[in-house]
Amino acid sequence: MNKSFNSFYCLLIYKNFLKEYLTIGITFLKDRLTMRRAAVILQNISKPKNVNELCHKVLCANVRREFSTNYSHRWPNVQVEWAAKETQSKNSAHQVRNYVPSIGEAVGCWNCKKTGERKHYMLCEECGFLQDVDMEINYFDLLNFPKSFEIERQKLTQQFRKLQTLVHPDKFSNKTTREQNNSADWSSLINKAYKTLLTPIDRGQYLLKMQGHEIPQDNSSINKEFLMIMMERNEDVEAANSKQDLQKLYKEIEVDLQNEITKLEKCFGLDDINGAKSVLVEMKYLLSIQNSIKNKLQTLVDE
């Protein structure tokens with residue numbers, strides 16, 4: 001790839017990600033080919049003109065970390081080159097990304113070295129410095145909500161905005177590199193926690209995961225009658241040729257999903273893990289049909 005292509009591609013990355021970054025954190029590139037291109041380019045590319053220096057550093061760091069976690073086994077040479085470059089830069093302690101142990105362990109502040117309470121798990125109460133992110137923190141604890149399926153969406157959103165305000169990258173643009181990096185990490189984690197707890201099916205699966213369970217990947221636990229109903233629903237979607245018919249089917253699915261959410265609340269309230277698993281699988285089927293309806297509606301609009 002020549003330099004002009006590199007510059008164009010890097011600018012394209014900023015165009016796609018800068019707005020999201022400034023609001024609620026980094027959204028990562030997931031396509032493997034695109035990720036590889038971004039990884040290679042970001043090894044050597046200089047910051048494009050008119051791009052904030054902090055945004056450039058944070059984007060590069062997060063793309064690199066995402067690549068290292070999920071894609072380095074496919075392109076190890078890229079990872080090796082990064083490792084060699086990082087070895088050369090370890091003279092500065094602020095350039096090293098550190099992650100704290102689990103939240104239950106006493107960890108001293110990296111700045112003042114004192115061990116004590118932290119404001120919202122993130123800020124040292126003594127010196128006010130933003131601490132290293134704890135990737136293992138419980139999403140309910142992070143957002144200060146009880147570990148329950150029932151949740152007040154409005155309060156959840158309020159708490160999310162409050163935390164994002166505390167760690168917004170703009171507040172740390174003149175801080176140390178370590179705090180800038182921590183700001184991006186906390187912002188990304190808070191965003192992920194919020195999206196997980198906000199969505200009923202994701203919240204349910206997260207509660208199961210906390211207890212060491214996950215929903216089955218096959219149809220063995222599904223009621224046969226329910227499967228037959230889902231097959232009929234799919235046929236109805238395929239047969240529908242008008243916007244009105246699709247909207248009617250969509251509303252029926254919404255009603256079914258709300259009923260499933262009510263059932264899921266009862267299952268978790270009674271600590272019925274098997275029941276919760278079954279309901280979550282049913283919700284996945286309903287959501288899949290709902291997405292099919294959305295796609296077909298969009299096709300009709302485009303025509």
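Going by the structure above, here's the rest.
Residues numbered from 1 in each chain as written. Predicted model: local features only at pLDDT ≥ 70, side-chain atom pairs only at ≥ 80, totals over all residues. Heavy atoms only, no water.

A. Representation of the overall build of the protein in the model. Regarding its fold elements, the protein presents eleven helices and two strands. Counting from the amino terminus, helix and strand elements in the protein follow one another as α-α-α-α-β-β-α-α-α-α-α-α-α. A burial count over the protein gives 41% of its 303 residues as buried. Put simply, the protein shows about 17700 Å² of open surface, and 49% of that area lies on carbon and sulfur atoms. (Helix = DSSP H or I, 4+ residues; strand = E, 2+ residues; numbered from the N terminus. Buried < 20%, exposed > 50% of the residue type's maximum accessible area, 1.4 Å probe, protein only. Areas by Shrake-Rupley, 256 points an atom, 1.4 Å probe, with all protein chains shown as cover.)

B. How the structure looks around the packing of aromatic side chains. This model, assessed by the stated rule, comprises six aromatic pairs. Look at Phe 160 and Tyr 194: their rings are 4.0 Å apart centre to centre, the planes differ by 10°, and that puts the pair in the stacked class. Residue Phe 160 is found in helix 6 (residues 153-167), and its partner Tyr 194 is found in helix 7 (residues 177-198); the two are separated by 34 residues along the sequence. For Tyr 194, a relative accessible area of 12% gives the class buried. Each residue in the set Tyr 139, Phe 140 and Tyr 206 is aromatic and connected to the rest through ring pairs, giving one cluster. (Phe/Tyr/Trp six-rings, centres within 6.5 Å; stacked < 30°, edge-to-face > 60°.)

C. Quick peek at a negative patch on the surface. Taken together, the side chains of Glu 232, Glu 235, Asp 236 and Glu 238 define an acidic patch exposed on the protein surface. With respect to the secondary-structure elements, Glu 235 resides in helix 9 (residues 224-239). (Patch = residues over 30% accessible without salt bridge, like charges linked within 9 Å, V, L, I, M, F, W, Y side chains within 5 Å. Salt bridge = Lys/Arg side-chain N within 4 Å of Asp/Glu carboxyl O. Lys, Arg positive; Asp, Glu negative; His and termini not counted. Charge placed at Lys NZ, Arg CZ, Asp CG, Glu CD.)

D. The arrangement of helix 7 in detail. If you check helix 7, its first and last C-alpha atoms are 32 Å apart, about what 22 residues at 1.5 Å a residue would give, namely 32 Å. The element helix 7 is extensively covered by neighbouring structure, given that 19 of its 22 residues are classed as buried. (Expected span 1.5 Å × (residues − 1).)

E. Focus on the environment of Lys 243. Counting through the fold element by element, Lys 243 comes out in helix 10 (residues 243-269). In sequence terms Lys 243 and Leu 300 are 57 residues apart; their C-alpha atoms lie 7.2 Å from each other.

F. Examining unusual backbone geometry more closely. With phi around 70°, Lys 113 is a residue other than glycine that occupies positive phi space. Note on placement: Lys 113 falls in the loop between helix 4 (76-88) and strand 1 (118-119). Within the chain, Asp 271 stands out as a residue other than glycine whose phi angle is a positive 60°. Inspection of the secondary structure puts Asp 271 in the loop between helix 10 and helix 11 (273-302).

G. Structural context of the environment of Cys 267. Within the secondary structure, Cys 267 sits in helix 10. Assessed through its relative accessible area of 11%, Cys 267 is described here as buried. Considered as a pair, Cys 267 and Ser 278 are eleven residues apart in the sequence and their alpha carbons are 9.9 Å apart. In contact with Cys 267, other than residues within four places in its own chain, are Asp 272, Gly 275, Ala 276 and Val 279. (Contact = heavy atoms within 4.5 Å.)

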